[in-house]
Amino acid sequence: MLTVKLLPAGYGDCILLSLGEHDKYNILIDGGVAGTYSKRIGKELEQIRKKGEKINLMICTHMDNDHIAGLVEVLKNEDRKLIDQIWYNGFLQRTIVDEKRRMEDETVLNRIISQGTITESEQEVGIHEGMALGVLIEQNRIPLNAIVNGRAVSADNLPDKIR
């Protein structure tokens, strides 16, 4: 059985997938804005904990504030202990893939730098949250992109069983 919950995340995205009948496999995809954690994600994780389950996989699709900030909040709280592994293509994972992607990253970074200092609400790309997520993953020793040995998760390097 597959259950899909689209959690209200303001103008962001946050999806909780649950697979299976008894031994559920839970996947949290994106976390919306920071307030999504206190309003929605935290409550879902409390229910998961009460059932003796966990988040088997947390996925951050990309570094926009409305996708990543809620996940940062998850890892800043005790709920981080429910997370088994994470798929997240931060700058480190992306830049080790190939030269083309390295050039794309430099373009994104240059665009961010050229914007100067802006408020979080004006910032579309969550560079600070992206860095924070990477640090929190490392600090909490949560396996990152383990399915591809720490490299960027992409269709090109995923095992056939995932395709």
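I will try to describe carefully the structure that is included in this document.

### Some details on the pairing of strand β2 (residues 15–19)
So, step 1. In the sheet, strand β1 (residues 2–6) pairs with β2 via five bridges, with the strands oriented antiparallel. By the bridge assignment for β2, Leu2 is matched with Leu19.
So, step 2. Bridge analysis of β2 against strand β3 (residues 25–29) gives five bridges, and the strand direction is antiparallel. What sits directly across from Ile15, in β3, is Ile29.
So, step 3. In textbook terms, the turn of a hairpin is the stretch between consecutive antiparallel strands, and for β2 and β3 this stretch comprises five residues, one of which, Gly20, has a positive phi near 105°.

### A few points about the sheet that holds strand β4 (residues 57–60)
So, step 1. Read across the open sheet, the five strands follow the order β1-β2-β3-β4-β5; overall the sheet is mixed. Unpaired on one side and paired on the other, β1 and β5 (86–88) mark the two borders of the sheet. The average angle at which neighbouring strand axes cross in this sheet is 15°, direction not considered.
So, step 2. Helix-sheet contacts for helix α2 (residues 65–76) involve β3, β4 and β5, and the interaxial angle to β4 is about 140°.
So, step 3. Along the sheet, helix α5 (residues 127–139) contacts β4 and β5; its crossing angle with β5, the most-contacted strand, is approximately 150°.

### Some words on the environment of Gly70
So, step 1. Inspection of the secondary structure puts Gly70 in helix α2.
So, step 2. A sequence separation of 30 residues divides Gly70 from Arg40, and the C-alpha atoms of the two residues are 9.6 Å apart.
So, step 3. If we ignore the near neighbours within four places in the chain, the residues touching Gly70 are Gly31, Gly32, Val33, Ala34, Tyr37 and Ile41.

### Notes on the pattern of salt bridges
So, step 1. Applying the stated criterion to the full structure yields seven salt bridges.
So, step 2. In this structure, Lys5 and Glu44 form a salt bridge, with 3.0 Å as the shortest nitrogen-oxygen distance. You can see Lys5 sitting in strand β1 and its partner Glu44 sitting in helix α1 (residues 35–50), a full 39 residues away along the chain.
So, step 3. Classification of Glu44 by relative accessible area gives buried; the value is 19%.

What counts as what
- Residues numbered from 1 in each chain as written.
- Predicted model: local features only at pLDDT ≥ 70, side-chain atom pairs only at ≥ 80, totals over all residues.
- Heavy atoms only, no water.
- Pairing = 2+ DSSP bridges.
- Helix = DSSP H or I, 4+ residues; strand = E, 2+ residues; numbered from the N terminus.
- Axes fitted to C-alpha atoms, helices over the stretch in contact; angles between N-to-C directions.
- Contact = heavy atoms within 4.5 Å.
- Salt bridge = Lys/Arg side-chain N within 4 Å of Asp/Glu carboxyl O.
- Buried < 20%, exposed > 50% of the residue type's maximum accessible area, 1.4 Å probe, protein only.

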